[in-house]
Amino acid sequence: MESLIQQYAFFQNLPLWASIASVLIVFLIMAYRGLPLWVWAVTGFVALTGFNAPIWLLSVFAALIVLFNVKPVRRTLLSSPIMKTLDALNILPAISETEQTAIDAGTVWVEGELFSGKPNLKRLSEEEYPELTEAERAFMDGPVEKLCSMVSDWELYQRKDFSEETWKYLKEKRFLGLIIPEKYGGYGFSANAHSAIVAKLASRCGPLATTVMVPNSLGPAELLMHYGTEEQKNHYLPKLAKGEEIPCFALTEPNAGSDAGAMQSHGEVFKGDDGALYLRLNWDKRYITLAAISTVIGLAFKLSDPENLLGKGTELGITCALVPSDTKGVELGKRHDPLGVPFYNCPTRGKDVVVPVDAIIGGKEGAGNGWRMLMESLAVGRGISLPAQAIGGARTATRAVGAYAAIRKQFGINIGKFEGIEEPMARIGGYTYLMDAARGYICAALDKGAKPAVVTAIAKYNFTELGREIINDSMDIVGGAGISRGPRNIFAHSYISTPIAITVEGANILTRTLMIFGQGAIRSHPYALKEIEALMNKDVKQFDDNFWSHIGHVVQNKVRALMLSVTRGRLATSPVKGPAAKYYRKLAWASASFAFMADIALGSYGGGLKMKEKIAGRYADILSWMFLATATLRRYEADGKQKEDREFFEWAMQHAFHRIQVAFDEIYSEIRMPGYSWAFRGPIALWSRINRIGKKPSDDLGQKVAQAMQMRGDQRDRLTADIYLPLSRNEAIGKYEYAMKQIESSYPIYKKLYKATKAKEIAKDHVLKQLEPALAKGIITPGEAEQVQKTEEARFDAILVDEFTLEEYDRGTAAVPESKGYVNPEKDTVLL
């Protein structure tokens, strides 16, 4: 201590302002680095000594050192009274039993780093990025490709069901057993393969993807694999894998939608005349996929045991059981009509349905554990099914819109060259790159055993919302070709069905305003959950350990946010070099600011934060876009920093930080902090707007993205990889691909005609009318004229829309219309 004091003697020889500034710099560095409390105590004591502080002040400071650093003293004099005050004032949100189960169901993954304010950027940059195994790739290129070729999206909408041949193939190739282990006759595919398969099916036909993904998501197979008895697994899993049993899972009911805990479906344990235990079940469920054709129903209900026959009490809570569909009292056979989208979405009811108590998933031990089963399964499933469906649609839109913009001409030029078209095209391409990055990043974590409930909620919400933006932009770009339904229309059915994805597996409004930040603020925060548990358990020791660590956490993030803001993130160290480095530094800046503001919200609103859904939604936006930026950074590096991907990467990263900035601005304008709200609305908001963490991608960058989407080649193929790409010119997207290829091949010829027109060698006219004079003057060859003719035929065929006779329309059937004037039907089946 004496030597330290001597080292600080230089303070006596400095001007007062310089000494104070030096001390402040030291304390800022200590706060930025998050040094422990005892280091602060020693440094403070040394500084006071260096300033020749009076004995009384040193004595007071020494007493404070003891108070804050000697834990038994601190617990008695500080922590215990503070704990009682917080408990009385409801400063921290209370957690109900169902909320506790939901929180315990998931694990914390990289979102914990983002919540910390000091993320381990090296860890974020080294998370695994997945590849399909040889077996998974073979299944994608074989059975999945074949299944896609068997289904026509348009014909399915007319028939309202798959053909017998398609159903047979689905079962033969075990599409309902993708996740079931091989020992039970399934494939045991990874989450990455499961996601990739659903995405490819979605690129062909949305209802096809839904039909496959639901049995492989939350349902009997998933629940049996993790919670079933060996007898249940051996009985059901082989039959589910082979399609001998068609499963559904009945959760939602009229009074229990997003609030599944409010379900009224009921089961009661009773002893039969044979002395065995049974369940008497009554339910009224709706929106249940595959219910009308199911052979086994996974049922969620509240279980009571009036006579305590199971020895677990009289009210056991939510339970899951398997009910054969042919059991007496089961009502099936009806279906809903979800926006005309032809997948089986149905009600089911049961009246005094009796099944053995062994029908409970997990047997008697599983009674009352249904809510935990559901939450743990959803913590994984939300990150696979709907995100996969969304990315399948996004890739298809990227490929089709890029082609259409290159093919379609107005005012004499390709519409893809209009700035008004470039802007939505940039969003489509940028979002697709970003979403695909997050898909892979999440699936890799799921395959390692993570169950990051907050991250999968981020995925479900953002993928479906971005998917909605993509399809809306696509419809705007293709115009009439998007609203005229028929075999040629690639976009209409995706547009129609989008609200379904927004609604299911947790409606997006609820997911954003309650789950992402509401659950994340407790589950992913370094200390909040531990503090709440300490308050609930009256555990002073646990509270003391975490409360004071939390205070240090707040101080550190306040200083980090300030210093990273002033230096625009340059104080942070990037784990990589190259274009991604600056964005890693920005991510550290965003994380520190977010973590500090999250604690401001927790402290300001306390237990009332649950009801502050508008402000919580903005915090959710920041957390979402930090995660999406993290995934995009990882993808760019994992892909080898491809030069052709640079524009897509830059657009996605700039857009992510722009969205983060918008959310911060809205928080500053709306947050209520007693005595300090003016500071957030005034100087802090002003500084944030001046020193923005992100701004919208520039028009020039958006133009580069849009132009890249209109060029055939490896980059476009990578961005739209693993979609179903029919090569027949009878298929809508096949027509686009063929026309695009012809346009690219003919470009040099069009350039000759353009130059000749500019030089006034030939008159300005439609290109087909220019061919004869151009031939006469030797500007082009006969072969080149024929090539242009073929290109214009392909262009015209690609932009045609469907038309039906009145009789066909009245019958609701569709014939592919004959093209007029340009396409030879005999050539229309030629493969590309």
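Basis of the calculations
- Residues numbered from 1 in each chain as written.
- Predicted model: local features only at pLDDT ≥ 70, side-chain atom pairs only at ≥ 80, totals over all residues.
- Heavy atoms only, no water.
- Axes fitted to C-alpha atoms, helices over the stretch in contact; angles between N-to-C directions.
- Helix = DSSP H or I, 4+ residues; strand = E, 2+ residues; numbered from the N terminus.
- Parallel < 35°, antiparallel > 145°, perpendicular 65-115°, else oblique.
- Left-handed = near helix turned anticlockwise from the far one by under 90°.
- Nonpolar A, V, L, I, M, F, W, Y, C, P; charged D, E, K, R; others polar.
- Salt bridge = Lys/Arg side-chain N within 4 Å of Asp/Glu carboxyl O.
- Buried < 20%, exposed > 50% of the residue type's maximum accessible area, 1.4 Å probe, protein only.
- Pairing = 2+ DSSP bridges.
- Contact = heavy atoms within 4.5 Å.
- pLDDT = per-residue confidence, 0-100.
- Polar contact = N/O pair within 3.5 Å; in protein donor to acceptor, adjacent residues only side chain to side chain.
- Phe/Tyr/Trp six-rings, centres within 6.5 Å; stacked < 30°, edge-to-face > 60°.
- Patch = residues over 30% accessible without salt bridge, like charges linked within 9 Å, V, L, I, M, F, W, Y side chains within 5 Å.
- Areas by Shrake-Rupley, 256 points an atom, 1.4 Å probe, with all protein chains shown as cover.
- Lys, Arg positive; Asp, Glu negative; His and termini not counted.
- Charge placed at Lys NZ, Arg CZ, Asp CG, Glu CD.
- Expected span 1.5 Å × (residues − 1).

### Some points on the packing of helix H18 (residues 419–447) against helix H19 (residues 453–478)
Across the interface, H18 lies against H19 with an axial gap of 9 Å and an inter-helix angle of 155 degrees. What the angle tells us is that H18 and H19 run roughly antiparallel. Crossing handedness for the pair H18 and H19: left-handed. When the residues that make up the contact of H18 with H19 are grouped by side-chain class, the tally is 16 nonpolar, four polar and four charged.

### Side note on the pattern of salt bridges
All told, the structure shown has 36 salt bridges when counted by the stated rule. Between arginine 399 and glutamate 737 there is a salt bridge, with its nearest N and O atoms 3.0 Å apart. Within this pair, whereas arginine 399 is found in helix H17 (residues 385–407), its partner glutamate 737 is found in helix H31 (residues 732–758), the two being separated by 338 residues in sequence. A relative accessible area of 8% means that glutamate 737 is categorised as buried. Sharing partners across several salt bridges, the network here consists of Glu113, Arg123, Glu127 and Lys448.

### Comments concerning unusual backbone geometry
For leucine 290, which is not a glycine, the phi torsion comes out positive at approximately 75 degrees. For leucine 290, a relative accessible area of 2% gives the class buried. Despite not being glycine, leucine 339 shows a phi value in the positive range, around 60 degrees. Topologically, leucine 339 is positioned in the loop between strand E6 (330–331) and strand E7 (345–356).

### Focus on the pairing of strand E4 (residues 296–304)
Where burial is concerned, most of E4 is hidden: eight out of the nine residues are buried. Where strand E1 (residues 247–250) meets E4, four bridges bridge the pair, whose relative direction is parallel. Within the sheet, the bridge partner assigned to proline 247 lies in E4 and is valine 296. Sheet topology places strand E2 (residues 266–271) next to E4; three bridges connect them, and they run parallel. Looking at E4, one finds that glycine 267 is bridged to leucine 303. Sheet topology places E4 next to strand E5 (residues 315–324); nine bridges connect them, and they run antiparallel. Bridging across to E5, valine 296 finds its partner in proline 324.

### With respect to helix H21 (residues 492–503)
The set of residues buried in H21 consists of Ala492, His493, Thr498, Ile500, Ala501 and Ile502. Here the buried face of H21 lies against helix H10 (153–159), H17, H19, helix H20 (480–483) and helix H22 (508–523). One or two positions beyond H21, positive phi appears at glutamate 505, with a value near 55 degrees.

### A few points about the confidence of the model for the protein
A residue-level look at the protein finds 94% of positions with pLDDT of 70 or above and a mean pLDDT of 91. Here residues 1–9 scores under 50 on pLDDT; set against residues more than four positions off or in separate chains, the count is nine contacts. Counted against residues more than four places away or in other chains, residues 814–832, with its pLDDT under 50, gives 43 contacts.

### Examining the side chain of glutamine 389
Tracing the sequence through the fold places glutamine 389 in helix H17. One polar contact links the side chain of glutamine 389 to the main-chain carbonyl oxygen of glycine 206, over a distance of 3.3 Å. Ignoring any residue separated from it by four or fewer positions in sequence, one finds glutamine 389 in contact with Val198, Ala202, Gly206, Ala209, Thr210 and Met213.

### Here's the deal with the packing of aromatic side chains
Inspection of every chain in the model, using the stated rule, returns 27 aromatic pairs. Between the aromatic rings of phenylalanine 115 and phenylalanine 594, the centroid separation amounts to 5.0 Å while the plane-to-plane angle is 70 degrees, which identifies the pairing as edge-to-face. On the criterion of sequence distance, the pair formed by phenylalanine 115 in helix H7 (residues 110–116) and phenylalanine 594 in helix H25 (residues 581–605) is long-range, its members being 479 residues apart. Per residue, the accessibility class of phenylalanine 115 equals that of phenylalanine 594, and both read buried. Look at phenylalanine 139 and phenylalanine 189: their rings are 5.3 Å apart centre to centre, the planes differ by 65 degrees, and that puts the pair in the edge-to-face class. Of this pair, phenylalanine 139 sits in helix H9 (residues 134–150) while phenylalanine 189 is found in the loop between helix H11 (164–172) and helix H12 (191–204), placing the two residues 50 residues apart along the sequence.

### Looking at a negative patch on the surface
Together, Glu419, Glu423, Asp699 and Asp700 make up a region of like negative charge exposed at the surface. The residue aspartate 700 is located in helix H29 (residues 699–709) in this model.

### Topic: helix H24 (residues 540–566)
With 27 residues, H24 should cover 39 Å at 1.5 Å per step; its first-to-last C-alpha distance of 39 Å lies within 8% of that length. N-capping of H24 is provided by aspartate 539, with a side-chain oxygen placed 3.2 Å from the backbone N of lysine 541. The first or second residue beyond H24 is arginine 568, which carries a positive phi of 55 degrees.

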